[in-house]
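Understanding the architecture of this molecule
What follows is each chain in one-letter form.
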Amino acid sequence: MRVLIVEDEAPLRETLAARMQREGFAVDTASDGEEAIYMGKEVPFDIVIVDLGLPKLSGIEVVKRLREAQRRYPILILTARSSWQDKVEGLKSGADDYLVKPFHIEELLARVNALVRRSAGWSKPVLECGPVAMDTTAQTVSVSGALIDLTSYEYKVLEYLMLHAGELVSKGDLTEHIYEQDFDRDSNVIEVFIGRLRKKLDSDGALKPIETVRGRGYRFAIPRTP
Amino acid sequence: MPGRPFSIASRLTLASIVVLVLFLYLTTAALERAFERSAVQSIQQRLKSYFYSLLQESDVNVKGKLLLPEFMPDPDFDRLGSGLYAAVSGPDTEWRSPSALGRDLPFNEAMAPGELRFEGPLKSSVGNVYLLRHGVVFEGHEERPFTYFVAIHESSLVKQKQAFRGTLIRYLGSFGVLMLLAQGILLHFSLRPLRSLASDLTEVEQGHTEELTAPYPSELTGLTGSFNQIIRSERINLKRHRDTLGDLAHSLKTPLAIMRGLLENADQLGPLKSGTEEQVNRMNAIVAYQLARAASSGHKTFAAPIEIDANAEEIVRSLEKVYASRGVLCEFELDENARFHGELGDLMEVMGNLLDNGFKWAKSKVLLTTKSLGGSKGSKTRRAGVEICVEDDGPGIPEDKIDSLLVRGIRGDEQVQGHGIGLSTVSNVIDSYEGQLKIDRSPELGGARFRAIFPALE
């Protein structure tokens, strides 16, 4: 999952970035509104976290401009102001949720997780496709109830595929959503991850969870369990 | 910069002087006119009576020749230039009274027998005169008509008029002065409440008295009542801000002291971390609580009425976003006459927190109802109140917990509906509007029901 953190307070920005990286996010950061709009338009983020009190351009303005530019990813706003007038204004500008400062990072992660799932059409924190179940809170994957041991990158790739289960996902999509901006990308690595995932999820080759669409990308083929 | 407007007293004085002068001028003119008319009428009478006495003394001989009187009805007819003139003209006759000799008077137009004409003032060589002409025939000599002329100089009339005007101006002038004096006394008397109000205000400003307490005339009670309300709410606000600041500073000292203690005895990281975390949470709760208290403004005296519908919809739309995964439906039952008289922020705080609470705890449904309280047409209320009611179909609040909910303070117990900063903010806002918060079970939905009641202003 690729996240943009827009926050002008460096200590908070860095703490958040470090913690989210640990949680498996590809993190980009911006420290003012103009930078945020530039990045928000360039990169297909999975979620954007915006502090409302920004220099140059207010957070509300950033949210408005991103929505005007047809960016549909979920946006979570952070604000020191807890009045309902401010909350309503923030949500009206196009944000999907708000969090009042100071907050626990666990709370932020839970909201981010829920927003990302919701925008991909999942209502529960456990993504289920037939026998494959991914618990996004605990970050574990099981097949028919048996836990599967995945590396952090394997988990990221599978998470993205399962969130968009049934949809075609290109290699480019995967690299964009899994790696940060400055990362040296090598698409062969994705193929390696897919190969390993197939082996781990489907050791006897009966399930065939990940389909290759020749020349275009991959699709998680097991339908979502409603 | 525009100058200071005239005082009420000088406005009234100026206006009454203008009105009085105009009134006196018109009265004088009307009275003079009436006087002149009656004086002219009396001149006509006088001339007529001279004519009759002249006629009585006149006769004709057998040939029809006019025999004129030997004695004049007034000696002034004999005195040259006396101002009283007579003449007769007819066949073979052209008589002038001695007073008219050598004077050019308009004794020229013959009248038909029995015809009478009174005219004046006419210009002549002796000045303006009033003239009576009368056509006459004598019995047996109907073919020889004569015309009698009697004229009088206007000087007597002018003298009378001048005397009259002098008297009139003296009387009306003193009447005007008396009126102005009375007006002054009246003004002084009527404006006394305003002057005493001004001096009472100074007393309040200087802090000698708390509010405007003296009985004021009914025209001023609206003003003084509102003013007292402003003074009171200002005082309460000031006190609340002072209290909030004091409470904030003092309540932060305890966690700070604990943290300092922890730091000084920090041999191990574990207890330091958990202790600091606990105190940071506590400080955060304190700040949030005091901020909410300070935020509710409670200005209600001159607040413009705010429509509730649009704001409620905005909040619900926001909450539907935030609680999208819960699938809660919010229904409105809004009274279109309901208005909130106060700060928009306060209304948003009350509705936001109550609705948030409803969305958080409802199984599937939240109901927002507003109702206008009192203030219908014809009633004596100055302004209608409003009831904002939020109910849900959640678990509701056990009855034994309701009382503890209404006791203000910070609660960490999020397991029971309504606990937390949100409700204490609502309660603070309602208090500052002298309203009431009622909590019970929703008869319709079965969950909790919160009713924020902002009373009508009497």
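Starting from 1, residues in each chain are numbered consecutively following that chain's sequence as written. Think of it this way: whatever chain is written first is A, whatever ligand is written first is 1, and the rest follow in order. Local features are withheld for residues below a pLDDT of 70 in this predicted model, meaning they are given only at 70 or higher, and side-chain atom pairs are given and counted only at 80 or more; totals for whole chains, interfaces and linings count all residues.

The next thing to look at is the overall build of chain A. Secondary structure elements are taken from DSSP: a helix is a run of H or I of four residues or more, a strand is a run of E of two residues or more, and numbering for both begins at the N terminus. When helices and strands are tallied, chain A shows eight helices and twelve strands. Counting over 226 residues, chain A shows a buried share of 37%. Look at the contacts in chain A between residues 6 or more apart in sequence, and 56% of them connect residues 24 or more apart. Around each residue's C-beta, the other C-beta atoms within 10 Å are counted; 20 or more make the residue buried, 12 or fewer make it exposed, and counts in between make it partly exposed. All C-beta atoms are placed from the backbone. We call two residues in contact if the C-beta atoms placed from their backbones are at most 7 Å apart.

The subject of this paragraph is the overall build of chain B. Secondary structure assignment for chain B yields nine helices and 14 strands. Here chain B holds 458 residues, and the buried ones make up 24% of them.

Now for the packing of helix H6 (residues 152-163) of chain A against helix H7 (residues 171-178) of chain A. Residues and elements named next belong to chain A. Each axis is a line fitted through C-alpha atoms, taken for helices only over the stretch in contact, and angles between the N-to-C directions span 0 to 180 degrees. Their axes nearest at 10 Å, the elements H6 and H7 cross at an angle of 120°. The orientation of H6 with respect to H7, classified from their angle, is oblique. Remark: the crossing between H6 and H7 carries right-handed chirality. Contacts between H6 and H7 pair Tyr153, Lys156, Val157 and Tyr160 from the former with Leu174, His177 and Ile178 from the latter. Residue type decides the class: Asp, Glu, Lys and Arg count as charged, Ala, Val, Leu, Ile, Met, Phe, Trp, Tyr, Cys and Pro as nonpolar, and the leftover types, Gly among them, as polar. Of the residues assigned to the contact of H6 with H7, the class counts are five nonpolar, one polar and one charged. Between 65 and 115 degrees an angle is taken as roughly perpendicular, under 35 as roughly parallel, over 145 as roughly antiparallel, and anywhere else as oblique. With the far helix as reference, a near helix turned anticlockwise by less than a right angle produces a left-handed crossing, and one turned clockwise produces a right-handed crossing.

Our focus in this paragraph is unusual backbone geometry. Residue and element names in this part refer to chain A. Cis geometry marks the peptide bond from Lys101 to Pro102, where omega comes out at -10°. Inspection of the secondary structure puts Pro102 in the loop between strand S5 (97-100) and helix H5 (105-119). Even without a glycine there, the phi angle at Ser144 is positive, about 50°. Relative to the elements of secondary structure, Ser144 occurs in the loop between strand S8 (140-143) and strand S9 (146-148). Of the residues examined, Ser144 has 9 C-beta atoms within 10 Å and is grouped as exposed. Backbone geometry at Lys208 places phi at a positive 45°, although glycine is not the residue there.

As a further point, take the sheet that holds strand S11 (residues 210-213) of chain A. All names here are of chain A. A sheet is described by the order of its strands in space; here three strands give the open sequence S10-S12-S11, paired in antiparallel fashion. Edge positions in the sheet fall to strand S10 (168-169) and S11, since each has one partner strand and no second. Where S11 lies against strand S12 (residues 217-220), four bridges are found, and the strand directions are antiparallel. Bridge pairing in S12 links Val213 to Gly217. Contacts from H6 reach S10, S11 and S12, with the element oriented near 70° to S12. Strands qualify as paired when DSSP identifies two bridges or more between them.

What follows is about H5 of chain A. All names here are of chain A. To estimate the expected span of a helix, subtract one from its residue number and multiply by 1.5 Å. Here H5 contains 15 residues, and its C-alpha end-to-end distance of 21 Å stays within 8% of the 21 Å for a straight helix at 1.5 Å per residue. Arg111, Val112, Ala114, Leu115 and Val116 are the residues of H5 that are buried. Where H5 is buried, its residues meet strand S3 (47-51), strand S4 (75-79) and S5.

Moving on, we get to the environment of Ser119 of chain A. All names here are of chain A. As for its placement among the helices and strands, Ser119 is situated in helix H5. On the basis of neighbour count, Ser119 is assigned to the partly exposed category, with 15 C-beta atoms found within 10 Å. C-alpha separation for the pair Ser119 and Ile47, spaced 72 residues apart in sequence, amounts to 9.4 Å. Ser119 has contacts with Tyr73 and Pro74, leaving out every residue within four places of it along the chain.

The next thing to look at is the interface of chain B and chain A. How big an interface is tends to be reported as the loss of accessible area on association of its parts. Each partner contributes residues to the interface: chain B has 16 residues there, and chain A has 14 residues. Contributing elements (two or more residues each) for the side of chain B that touches chain A: helix H5 (269-295), helix H6 (309-322) and helix H7 (344-361) of chain B. By residue class, the composition of the side of chain B that touches chain A is eight nonpolar, five polar and three charged.

Here we come to the pairing of strand S11 (residues 365-373) of chain B. Residue and element names in this part refer to chain B. Taken together, the five bridges between strand S9 (residues 329-333) and S11 define a ladder with parallel strand orientation. What sits directly across from Leu329, in S11, is Lys365. Relative to strand S12 (residues 385-392), S11 runs antiparallel, the two being bridged by eight bridges. Bridge pairing in S12 places Leu373 opposite Gly385.

Moving on: the pairing of S5 of chain A. Residues and elements named next belong to chain A. One ladder, built from four bridges, connects S4 with S5; its direction is parallel. Within S5, the position partnered with Leu78 by the bridge is Leu99. If you view a crossover with the strands going away from you and the path from the first strand over the helix to the second runs clockwise, you call it right-handed. Once the chain exits S4 it traverses helix H4 (residues 84-92) before rejoining the sheet at S5, and the crossover so formed is right-handed.

Compared with an ideal rise of 1.5 Å per residue, which puts 18 residues at 26 Å, H7 of chain B spans 26 Å between its outermost C-alpha atoms and is within 8% of the ideal. Counting buried positions over the 18 residues of H7 of chain B gives 16, a clear majority of the element.

Turning next to the sheet that holds strand S3 (residues 84-90) of chain B. Residues and elements named next belong to chain B. The five strands lie next to each other as S4-S3-S7-S6-S5, forming an open sheet whose pairing is antiparallel. Strand pairing shows two members of the sheet lacking a second neighbour, strand S4 (93-96) and strand S5 (116-122), which therefore form its edges. Taken pair by pair, the neighbouring strands of this sheet meet at an average axis angle of 15°, ignoring direction. With four bridges joining them, S3 and S4 adopt antiparallel strand pairing. Pairing of Ser89 across the sheet is with Glu94, part of S4.

Let us now look at the nonpolar core. Judged by nonpolar contacts, the single largest core of 98 residues is most densely connected at Val3, Val6, Ile47 and Val50 of chain A together with Leu355 of chain B. In terms of residue count, the dominant contributor to this core is H7 of chain B (eight residues). Not counting residues up to four positions away in its chain, the partners in contact with Val50 of chain A are Val6, Ala36, Gly59, Val62, Val63, Ile75, Ile77 and Leu78 of chain A. Within the second largest apolar cluster, 25 residues are counted, among which are Leu84, Tyr130, Leu132 and Ala151 of chain B. By definition, a nonpolar core groups buried Ala, Val, Leu, Ile, Met, Phe, Trp, Tyr and Cys residues that are joined through C-beta atoms within 7 Å.

Moving on, we come to the environment of Gln183 of chain B. Residue and element names in this part refer to chain B. Mapped onto the elements of the fold, Gln183 is located in helix H2 (residues 155-190). Classification of Gln183 by C-beta neighbours within 10 Å gives partly exposed; the count is 17. Spatially, the C-alpha atom of Gln183 lies 8.9 Å from that of Leu12, the residues being 171 residues apart in sequence.

Looking now at the confidence of the model for chain B. Residues and elements named next belong to chain B. pLDDT runs from 0 to 100 and stands for how confident the predictor is about each residue. In this model, chain B carries a mean pLDDT of 84, and residues with pLDDT of at least 70 account for 92%. Ranking the helices and strands of chain B by mean pLDDT puts S12 first, with 93, and helix H8 (residues 399-406) last, with 75. Within the model, pLDDT remains below 50 along residues 409-415, and this stretch shows eight contacts once partners closer than five positions in the same chain are excluded. As scored by the predictor, the complex reaches a pTM of 0.63 and an ipTM of 0.80.

Across the interface, H4 of chain A lies against H6 of chain B with an axial gap of 9 Å and an inter-helix angle of 65°. Taken together, the axes of H4 of chain A and H6 of chain B are roughly perpendicular relative to one another. Of the two elements, H4 of chain A crosses H6 of chain B, and the hand of that crossing is left-handed. Residues Trp84, Lys87, Val88, Leu91 and Lys92 of chain A of H4 of chain A form the contact with H6 of chain B, whose own contacting residues are Glu314, Ile315, Ser318 and Lys321 of chain B.

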